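# Residue-level structure breakdown
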Amino acid sequence: MKNEIKNFHIEKNYRNNDALRASFNRLAEKTFGLNFENWYQNGFWQDNYIPYSVVIDGEVVSNVSVNACNMNYKGKIVKLIQLGTIMTDNDHRGKGYAGALMKEVIKDYDGKPVLY
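About the cut-offs
Residues numbered from 1 in each chain as written. Predicted model: local features only at pLDDT ≥ 70, side-chain atom pairs only at ≥ 80, totals over all residues. Heavy atoms only, no water. Helix = DSSP H or I, 4+ residues; strand = E, 2+ residues; numbered from the N terminus. Buried < 20%, exposed > 50% of the residue type's maximum accessible area, 1.4 Å probe, protein only. Polar contact = N/O pair within 3.5 Å; in protein donor to acceptor, adjacent residues only side chain to side chain. Contact = heavy atoms within 4.5 Å. Core = buried A, V, L, I, M, F, W, Y, C linked by side-chain atoms within 4.5 Å. Phe/Tyr/Trp six-rings, centres within 6.5 Å; stacked < 30°, edge-to-face > 60°. Pairing = 2+ DSSP bridges. Axes fitted to C-alpha atoms, helices over the stretch in contact; angles between N-to-C directions. Salt bridge = Lys/Arg side-chain N within 4 Å of Asp/Glu carboxyl O. Expected span 1.5 Å × (residues − 1).

### Looking at the side chain of T85
As for its position among the elements, T85 is in strand β4 (residues 76-88). Classification of T85 by relative accessible area gives buried; the value is 16%. Looking at T85, its side chain comes within polar contact range of the side chain of Y49, at 2.7 Å. The residues touching T85, leaving out its near neighbours within four places in the chain, are F24, F32, F36, Y49, N63, V64 and S65.

### Some remarks on the nonpolar core
Judged by nonpolar contacts, the single largest core of 13 residues is most densely connected at Y52, V54, V66, V105 and Y109. The set of elements that each furnish at least two residues to this core consists of β2 (49-56), β3 (59-73) and α3 (97-109). Excluding anything up to four places from it in sequence, Y52 contacts E11, K12, S62, N63, V64, S65, V66, L101, E104, V105, D108 and Y109. Among the nonpolar cores identified, the runner-up in size contains 12 residues, and W45, V55, V60 and M87 belong to it.

### A look at the packing of aromatic side chains
Applying the stated criterion to the full structure yields 10 aromatic pairs. Ring geometry for Y14 against F24: centres 6.5 Å apart, planes inclined by 70°, an arrangement best described as edge-to-face. One end of the pair, Y14, is in the loop between β1 (9-12) and α1 (18-32); the other, F24, is in helix α1, and 10 residues separate them in sequence. Across this residue pair, the class does not change: Y14 and F24 are buried.

### What about the sheet that holds β1?
In space, the 4 strands of this open sheet follow the order β1-β2-β3-β4, with antiparallel pairing throughout. The sheet terminates laterally at β1 and β4, the two strands that pair on one side only. Strand-to-strand twist of the sheet, defined as the mean angle between neighbouring strand axes without regard to direction, takes the value 20°. Bridge count for β2 against β3 is 8 bridges, and the pairing is antiparallel.

### Let's talk about the pattern of salt bridges
Summed over the entire model, instances satisfying the criterion amount to 8 salt bridges. Shared partners join several salt bridges into a network, and the residues in it are K12, E104, K107 and D108.

### A word on the environment of Y73
Of note, Y73 is situated in strand β3. For the pair Y73 and G94, spaced 21 residues apart in sequence, the C-alpha to C-alpha distance is 36 Å.

### Quick word on α1
Helix length check: α1 (15 residues) gives 20 Å between terminal C-alpha atoms against 21 Å at 1.5 Å per residue, within 8%. Residues L20, R21, S23, F24, N25, L27 and A28 constitute the buried set of α1. On the buried face of α1, the contacting elements are β1, α2 (37-41), β2, β3 and β4. Between a side-chain oxygen at the N-terminus of α1 and the backbone nitrogen of A19 the separation is 3.1 Å; the capping residue is N17.

In structure tokens:
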């Protein structure tokens, strides 16, 4: 597969950036019929929910979100991350954006403690 990634950057943890959050919500609506704005406005979008998004010309075109959480594993509480809201706009699929986002998540979390 030839690499078609060009002219994009990755934005992370931008919940208080109104323009990017609105773009994230537009993509979530197109992809899943969901909008997270009420969740944000009511204070439920906290530090433990971190979107990683490919942004092109100010628009979120692909996303992988990290949700840091606690889980009971064999009687012990462990901190871990859960991936969700994984989506890529139809016009941008097959270009490697989700892979680039996963590499960034792995770079940020692999072998490191989950802090939140």
